[in-house]
Amino acid sequence: MYLKKISLFNYKNFSEANFEFDQKINCFVGKNGVGKTNVLDAIYQLSYGKSYFNPLALQNIKHGEEFFVIDGEFEKNERTEQIICSLKKGQKKILKRNNKVYERFSDHIGFIPLVIISPADRDLIVEGSETRRKFIDSVISQLDAKYLQQLIQYQKNLQQRNALLKYFALNHVFENDTLSIYNEQLSGLGHAIFEKRKDFLADFIPIFNQHHQAITGSQETVQLVYESQLSAHSLLLLLQENISKDRALHYTSVGIHKDDLSFEIDQFPIKKFGSQGQQKSFLIALKLAQFEFIKKQCGQKPLLLFDDIFDKLDETRVGKIVEMVNNDTFGQLFISDTHPERTENIVKSTLQSYKIFHL
């Protein structure tokens, strides 16, 4: 599978741009602010139906314009697949495959497997647990449509339970029978999601450890630790035990929406005790493990996007990535960089076909 070409209309800083890609390596080079990352983000949108960098879809429309369109043509399983993502102000975003509109964006997730490695990944370390849960869920959802639907339904039920708790507080009433219905629904879905996350991490963590050792070659011990309230108690019991607290807070204080993935180095939080270099190695290992896991599960090499990472890596780490390219670990690569000469020297050393786009 590979992306043959892409056209952008009124997308971020582009009025109109067209790119035809090499099947192996594609590089976008130029000064900061010219739109290198925006092209990568457009490719990401064709896979996920949303931006990696800006959750507010309207802000992806070029200033002064009324709409944006991203039109991509892929080669997958020896057939051409056209994916179009578009948004017009005042209307819902549209995602189409071969001119057929998706009723649910979730039906598209996993069709174009993709992994992005970006400086923005540091949010996984410095931000709260929601960011790390989204990472787990995005990997599993690309491979398991049932899991994604369970996740969506859990969030709906959670919102409904929270709305009920607020209604109780505002009207000074309490209906235990009604609340019990939501408890039962959340419990069933929460248990299924918890088990899937646990199984996923059991497979994923050894792959992560292998990549971390390959990148660093060091004796550092790193850990990914899954933290969930459901490890000790059933969700139904937790919901029942915490009803007084939930009524006081007006929201649901327990459940799989509180899960976290702890990032540790030598059993201490890497956020506090890891150097910048150690944190970068940790994140790259995490994303390369994501790539390998998806590749094994779906039998295809995901598109791999490197956003400005050569600027953050020493020669040894760059060499490890080049080695992986030469070993044909990766499929189609997209790279952004501010240094044209450095980029060309790196991609030449891979002995693979490539294209460089000067923006």
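The structure under discussion appears in the preceding block.
Residues numbered from 1 in each chain as written. Predicted model: local features only at pLDDT ≥ 70, side-chain atom pairs only at ≥ 80, totals over all residues. Heavy atoms only, no water.

(A) Structural detail: the side chain of Gln-142. Assignment of secondary structure puts Gln-142 in the loop between α3 (129-141) and α4 (145-171). Among the residues examined, Gln-142 registers a relative accessible area of 6% and is labelled buried. A distance of 2.2 Å separates a polar atom in the side chain of Gln-142 from a polar atom in the side chain of Tyr-48. If we skip the residues at most four places from it in the chain, Gln-142 touches Tyr-48, Ile-109, Gly-110, Ile-112, Pro-113, Leu-114, Gln-290 and Ile-294. (Helix = DSSP H or I, 4+ residues; strand = E, 2+ residues; numbered from the N terminus. Buried < 20%, exposed > 50% of the residue type's maximum accessible area, 1.4 Å probe, protein only. Polar contact = N/O pair within 3.5 Å; in protein donor to acceptor, adjacent residues only side chain to side chain. Contact = heavy atoms within 4.5 Å.)

(B) Fine view of the sheet that holds strand β8 (residues 114-117). If you walk across this open sheet you meet the five strands as β8-β12-β13-β3-β14, and the pairing is parallel. The sheet is open, and its two borders are formed by β8 and β14 (354-358), each paired with just one other strand. Taking the axes of each pair of neighbouring strands and ignoring which way they run, one obtains an average angle of 15 degrees across the sheet. Strands in contact with helix α1 (residues 36-48) are β3 (25-29), β8, β12 (303-307) and β13 (333-337); relative to β12, the strand with the most contacts, it is inclined by about 150 degrees. Contacting β8 and β12, helix α9 (residues 276-298) crosses the sheet at an angle of about 170 degrees to β8. (Pairing = 2+ DSSP bridges. Axes fitted to C-alpha atoms, helices over the stretch in contact; angles between N-to-C directions.)

(C) Up close: the packing of aromatic side chains. Under the defined criterion, the tally for this structure stands at 24 aromatic pairs. Between the aromatic rings of Phe-21 and Phe-28, the centroid separation amounts to 6.1 Å while the plane-to-plane angle is 90 degrees, which identifies the pairing as edge-to-face. With a relative accessible area of 8%, Phe-21 lands in the buried category. On the basis of relative accessible area, Phe-28 is assigned to the buried category, the value being 0%. Within the aromatic cluster, the residues linked to one another by ring pairs are Phe-14, Phe-19, Phe-21, Phe-28, Phe-334 and Phe-357. In this structure, Lys-76 is placed above the aromatic ring of Phe-111, and the distance from its NZ or CZ to the ring centre is 3.9 Å. If you follow Arg-247 out to its NZ or CZ, it ends over the ring of Phe-174, 4.1 Å from the centre. (Phe/Tyr/Trp six-rings, centres within 6.5 Å; stacked < 30°, edge-to-face > 60°. Lys NZ or Arg CZ within 6 Å of the ring centre and 35° of its normal.)

(D) Representation of the pattern of salt bridges. Under the criterion given, the structure shown has 17 salt bridges. The partner of Lys-12 in a salt bridge is Asp-41, with the nearest N and O atoms 2.5 Å apart. A residue pair is termed long-range when its members are at least 10 positions apart, and Lys-12 in the loop between β1 (2-11) and β2 (14-20) and Asp-41 in helix α1 qualify at 29 residues. The same class applies to Lys-12 as to Asp-41, namely buried. Arg-197 is the partner of Asp-259 in a salt bridge, and the nearest nitrogen-oxygen pair spans 2.9 Å. With Asp-259 in the loop between α7 (243-249) and β10 (260-265) and Arg-197 in helix α5 (residues 176-216), this residue pair connects regions lying 62 residues apart in the sequence. A single salt-bridge network, built from bridges that share partners, covers Lys-4, Lys-5, Glu-73 and Glu-75. (Salt bridge = Lys/Arg side-chain N within 4 Å of Asp/Glu carboxyl O.)

(E) Just unusual backbone geometry, in detail. Positive phi is not limited to glycine here, since Asn-98 has a value of about 50 degrees. For Asn-98, the position within the fold is in the loop between β6 (94-97) and β7 (100-101). With relative accessibility at 30%, the residue Asn-98 sits in the partly exposed group. Despite not being glycine, His-172 shows a phi value in the positive range, around 55 degrees.

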